Amino acid sequence: MTRRIAALLGMIVVVASGSLAAQEQKKTAEDFFREGVEGLTANRLDDAVLGFQMCVQYKSDLKECWFNLGVAWGRKRVFTKEIEAYTKAIELDPEYGRAHFNLAVAYEDLGRIDDALRHYQRAIAIEPSAQDAVLNRAMLLLSRKKVDDAILGFQSAIRIRPGDYRADAVTTE
């Protein structure tokens, strides 16, 4: 009797685990994307990373999965993986301005200023009204003692959104 119960319990465990595996296989890249977004929203960064990793595993051509994987890695302060994810998003869509911007921020966090400047410039070329990219680039130029170029950048930021306190606060007039 005990052997039968043990055997029955063993079969239940096998069937249950098979059922869970089947449920996981039925998930789509979009399901994993949503799980990643939920993780980011709730600041459950490990869940976010896992969701977006599964998303790119199921559909490696979704630039949004790669981009958000970069966001999750960035929040975890794992800059090398963040850079890899943004780079993959840009490979999929070279005109992905937000990915260039975030990649520039990641490079800046690592002290790779030339790379950061290059990607800020690319983000601006794609989206000239991206005031955050214009301001960040101007600040980096100022830190490099390229004052004239930085002033032009600050003036450009003011023209994008006249009266925006962020741009007004950094002018040198």
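See above for the structure.
First things first, this report covers the structure right here in the doc. (Residues numbered from 1 in each chain as written. Predicted model: local features only at pLDDT ≥ 70, side-chain atom pairs only at ≥ 80, totals over all residues. Heavy atoms only, no water.)

### Thoughts on unusual backbone geometry
Working step 1: One non-glycine residue, Arg77, lies in the positive phi region at around 65°.
Working step 2: With respect to the element layout, Arg77 can be found in the loop between helix H4 (63–75) and helix H5 (79–92).
Working step 3: We note that Lys145 has phi near 65°; this positive angle belongs to a residue other than glycine. (Helix = DSSP H or I, 4+ residues; strand = E, 2+ residues; numbered from the N terminus.)

### Notes on the packing of aromatic side chains
Between two aromatic rings, the relevant description is the distance of the centres plus the angle of the planes.
Working step 1: The full count for this structure, using the stated rule, is five aromatic pairs.
Working step 2: Linked through ring pairs, Phe67, Tyr86 and Tyr96 together constitute an aromatic cluster.
Working step 3: One cation-aromatic arrangement involves Lys63 over Tyr96; the distance from NZ or CZ to the ring centre is 4.6 Å.
Working step 4: Directly above the aromatic system of Trp73 lies the positively charged group of Lys81, at a separation of 5.6 Å from the ring centroid. (Phe/Tyr/Trp six-rings, centres within 6.5 Å; stacked < 30°, edge-to-face > 60°. Lys NZ or Arg CZ within 6 Å of the ring centre and 35° of its normal.)

### Overview of the packing of helix H7 (residues 113–126) against helix H8 (residues 131–143)
Working step 1: Between H7 and H8, the least distance of the axes is 9 Å, while the angle of their chain directions is 150°. The pairing of H7 with H8 is recorded here as roughly antiparallel in orientation. Handedness of the H7/H8 crossing: left-handed. For the pair H7 and H8, contact is made by Ile113, Ala116, Leu117, Tyr120, Gln121, Ala123 and Ile124 and by Ala133, Val134, Asn136, Arg137, Leu140 and Leu141, respectively.
Working step 2: When its residues are assigned to classes, the contact of H7 with H8 shows ten nonpolar, two polar and one charged. (Axes fitted to C-alpha atoms, helices over the stretch in contact; angles between N-to-C directions. Parallel < 35°, antiparallel > 145°, perpendicular 65-115°, else oblique. Left-handed = near helix turned anticlockwise from the far one by under 90°. Contact = heavy atoms within 4.5 Å. Nonpolar A, V, L, I, M, F, W, Y, C, P; charged D, E, K, R; others polar.)

Keep in mind these values describe shape, not function.
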